[in-house]
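A look at the structure
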Amino acid sequence: MEKLRADKISQWVNGRLIGNENAVADKVSTDTRTLTKGSLFVAIRGEKFDGHDFIGEAFRKGAGIVLSEKEYPVSGDNAVILVKDTVKALGDLARNYIKLFDLTVIGITGSVGKTTTKEMIAQVLSTQYKVHKTMGNFNNQIGLPLSVLNLDRSHSVAVFEMGMSAMGEIDYLSRIIQPDIGIITNIGISHIEKLGSRQNILRAKLEIINGMKENGVLILNGDDELLSGLEGLLPMPVVFYGINDNCNVKGYGIESLGEKGVRFTVNIRNRDVDIFLPVPGIHNVSDALAAIACAIEMGITDENIQKGLIQYSSEKMRMNIVEYGNVKVINDTYNAAPASSMAALSVLREISGSRRSIAVLGDMLELGAYSEEAHKSVGACVAHENINYLVAIGELAKDYVVGAVEAGMDKKRILHFPDPESAVDSLRELIEPNDVVLFKASRGMHLDRIIEDIFEDA
Ligand code: ATP
Ligand code: MG
């Protein structure tokens, strides 16, 4: 963060300053365990902890300024800025801070593929610009402002991921960053529990427009039926990407090279450009096309688009391929929704080839009324992809079993366990040398924890 004075921060967040108005901070922290000297500490009430209980520790560790909802005695050179709501103040701070810079801002939302798309865009744009990006998955009302505050004067482009689970959240986040380029990757059914229908999810994602700059451009997935239906209906230039004929940035000739990655061709400025993505799964092509559409808007050369995408590598727990002895494990336990589960199953089938394939699938959470149908259709997909064994884990996972059986999978090849721990012994027995095993579930299932246990001796 660029150095900020207490009086400036206080003015931006509409707070009441107590103590030294000349106190400064050049970084921001919400956690005293990682706080370093010269920080602005933002006290936030969380589910388990209340940051206000750690204000003393923050000062002891060298915080210069504290943003707080409660009064706190200030000494010496320090300052406390009092506000009604520290989370909102953090947002106000970020909204004002980002205006200090001459930046092109890119905001990404969508049901799946936000982080993947963000990472691909950052790789491609880094060939010609100094790019700042959302750290990890910091995409909510706390994470996004923290990502913004990590910007500095050296950056000329910033790429942010915006997540949501309810109406109004993307509106809030988009108004903080005010994107020049807005991207919606797709309209799935993640978080449908709160939103009720896909139309509502579409509406919630379209809130990105509310914060966009006047001359902004929207980049939409033209293969998504709800998004492609918006053609001609939006108040700004729209670029569609995908494999459909009506897409402006169109990919074709997609060829999976299994574990090595995917190859495809895309027409850029009337030239055919061959792209190689070194990550498995043709679903990545969609995210790459979003990144290419964005790169075209930003004037990146064909060669740099190719170069940037070749350098892309997937993050931890997202489709990570690890070998345990002779067994190949696809660890995709970071999260799960129907679209990403089906994508992972197709990668499993492809990578396994003539080897035995096992899909270990845990619950997909937060799908509300769609839950049963979603689990059944993923179960059916296991059968259609001819996966050799299905190991379903969790309460909702029973519907994977129902779907797989309905689609004709032999019951003898299906196991069900109530939770990950109770599956460990049977998985040890089931898995043989040379198998390819996919692990996939919602984050809340913590399916990654059992992988090490299963292969302890391998
Ligand atoms: P989160 O909401 O957790 O932040 P996200 O939108 O950032 O998710 P990613 O982390 O990029 O999404 O990907 C989540 C999962 O979806 C991964 O398993 C990934 O392999 C898969 N995935 C990524 N892009 C797509 C896509 N376009 N279609 C289907 N699955 C995808
Ligand atoms: Mg993400």
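Since the structure is predicted, the reported quantities are computational estimates derived from the model, not experimental observations. (Residues numbered from 1 in each chain as written. Chains lettered and ligands numbered in written order. Predicted model: local features only at pLDDT ≥ 70, side-chain atom pairs only at ≥ 80, totals over all residues. Heavy atoms only, no water.)

Metal coordination angles in their ideal form are 109.5 degrees for the four-donor tetrahedron and 90 or 180 degrees for the six-donor octahedron. Bound to the magnesium ion (ligand 2) on the protein side are Thr115 (OG1), Asn137 (OD1) and Glu161 (OE), at distances that span 2.0 to 2.1 Å. Site description for the magnesium ion (ligand 2): donor spacing in sequence, T-x21-N-x23-E. Of this pair, Thr115 sits in helix H4 (residues 114-125) while Asn137 sits in the loop between strand S9 (131-133) and helix H5 (143-149); the two residues are 22 residues apart in sequence, bridging distant segments of the chain. Its relative accessible area of 6% is what places Thr115 among the buried residues. In this structure Asn137 comes out as partly exposed when scored by relative accessible area, which is 30%. (Donors = N, O, S within 2.8 Å, 3.2 Å for Na, K, Ca; no water. Helix = DSSP H or I, 4+ residues; strand = E, 2+ residues; numbered from the N terminus. Buried < 20%, exposed > 50% of the residue type's maximum accessible area, 1.4 Å probe, protein only.)

The volume enclosed by the second largest pocket comes to roughly 210 Å³. Val28, Ser29, Thr30, Thr34 and Leu146 are the residues nearest the centre of the second largest pocket, which is lined by 13 residues in total. Here the lining of the second largest pocket gets three residues from one element, more than from any other, and that element is strand S4 (residues 27-29). Among the residues making up the lining of the second largest pocket, the classes are represented as five nonpolar, six polar and two charged. (1 Å grid on protein atoms, 1.4 Å probe; cavity = no way out; pocket = protein on both sides within 12 Å on 5 of 7 lines; lining within 4 Å. Points joined across faces, edges and corners; volume = space filled by probe spheres on them. Nonpolar A, V, L, I, M, F, W, Y, C, P; charged D, E, K, R; others polar.)

Inspection of the entire model under this criterion finds 30 salt bridges. Measuring nitrogen to oxygen at the nearest pair gives 2.8 Å for the salt bridge that ties Glu259 to Lys328. Of this pair, Glu259 sits in the loop between strand S14 (249-256) and strand S15 (262-268) while Lys328 sits in strand S18 (residues 327-332), placing them 69 residues apart in sequence. Residue class for Glu259 comes out partly exposed when judged on its relative accessible area of 35%. Lys328 gets classed as buried once you look at its relative accessible area, which sits at 6%. Lys398 serves as the salt-bridge partner of Glu395, at 3.2 Å between the closest nitrogen and oxygen. (Salt bridge = Lys/Arg side-chain N within 4 Å of Asp/Glu carboxyl O.)

Time to look at the side chain of Ser147. Mapped onto the elements, Ser147 comes out in helix H5. Judged by its relative accessible area of 0%, Ser147 is buried. With residues up to four places along the chain from it excluded, the contact list for Ser147 reads His132, Thr134, Met135, Phe138 and Phe160. (Contact = heavy atoms within 4.5 Å.)

This part takes up a negative patch on the surface. Taken together, the side chains of Asp419, Glu421, Glu452 and Asp453 make up a negatively charged region of the molecular surface. For Glu452, the location among the structural elements is in helix H17 (residues 448-454). (Patch = residues over 30% accessible without salt bridge, like charges linked within 9 Å, V, L, I, M, F, W, Y side chains within 5 Å. Areas by Shrake-Rupley, 256 points an atom, 1.4 Å probe, with all protein chains shown as cover. Lys, Arg positive; Asp, Glu negative; His and termini not counted. Charge placed at Lys NZ, Arg CZ, Asp CG, Glu CD.)

Among the residues of helix H1 (residues 6-13), those classed as buried are Ala6, Ile9, Ser10, Trp12 and Val13. Burial along H1 is one-sided: seen end-on, the buried residues are contained in an arc of 165°. For H1, the elements touching its buried residues are strand S1 (4-5), strand S2 (16-19), strand S5 (39-42), strand S6 (65-68), strand S7 (79-82) and helix H3 (86-98). (Arc of directions from axis to C-beta.)

As a further point, take the environment of Ile431. Summarising the element assignment, Ile431 is placed in the loop between helix H16 (420-430) and strand S22 (436-440). In this structure the C-alpha to C-alpha distance between Ile431 and Val327, which are 104 residues apart in sequence, comes to 8.1 Å. Apart from the residues within four sequence positions on either side, Ile431 is in contact with Val327, Arg356, Ile358, Val437, Ile454 and Phe455.

Once that is clear, we can look at the confidence of the model for the protein chain. When pLDDT drops low, the exact placement of atoms in the prediction is not to be read closely. Chain-level pLDDT for the protein chain is 94 on average; 99% of the residues reach the 70-or-more range. The ipTM for the predicted assembly is 0.98, set against a pTM of 0.83. (pLDDT = per-residue confidence, 0-100.)

Between H4 and helix H12 (residues 302-310), the shortest axis-to-axis distance is 7 Å and the interhelical angle comes to 130°. Regarding the angle of H4 to H12, the classification is oblique. Considering only the axes of H4 and H12, their crossing is right-handed. Judged by residue contacts, Met120, Gln123 and Val124 of H4 engage Asn304, Ile305, Gly308 and Leu309 from H12. Tallied by class, residues from the contact of H4 with H12 come to four nonpolar, three polar and no charged. (Axes fitted to C-alpha atoms, helices over the stretch in contact; angles between N-to-C directions. Parallel < 35°, antiparallel > 145°, perpendicular 65-115°, else oblique. Left-handed = near helix turned anticlockwise from the far one by under 90°.)

Two modes of strand pairing occur in sheets, parallel and antiparallel, and in both the strands are linked by backbone hydrogen bonds. Read from one edge to the other, the open sheet built from nine strands follows the order S9-S10-S8-S11-S12-S13-S14-S15-S16, with strand pairing classed as mixed. Edge positions in the sheet fall to S9 and strand S16 (271-277), since each has one partner strand and no second. On average, each strand axis in the sheet is tilted by 20° relative to the strand beside it, whichever way the strands run. For strand S11 (residues 181-184) and strand S12 (residues 217-221), the ladder comprises four bridges, and the chain directions are parallel. Within the sheet, the bridge partner assigned to Gly182 lies in S12 and is Leu218. Sheet strands in contact with helix H11 (residues 283-297) are strand S8 (104-109), S11, S12, strand S13 (238-242), S14, S15 and S16, and its direction is about 30° off that of S15. (Pairing = 2+ DSSP bridges.)

Moving on, we get to a nonpolar patch on the surface. There is a patch of nonpolar side chains on the surface, built from Ile243, Ile254 and Ile282 and spanning about 240 Å² of accessible area. Its location among the elements puts Ile254 in strand S14. Overall, the relative accessible area of 34% leaves Ile254 in the partly exposed class.

What follows is about the packing of H4 against H11. Interhelical geometry of H4 versus H11 gives an angle of 45° and a closest axis separation of 9 Å. When the axis of H4 is compared with that of H11, the two are oblique. As H4 runs across H11, the sense of the crossing is right-handed. Mapping the contact onto sequence places Thr116, Thr117, Met120, Ile121, Val124 and Leu125 in H4 and Asn284, Asp287, Ala288, Ala290, Ala291, Cys294 and Ala295 in H11. The residue makeup of the contact of H4 with H11, split by class, is nine nonpolar, three polar and one charged.

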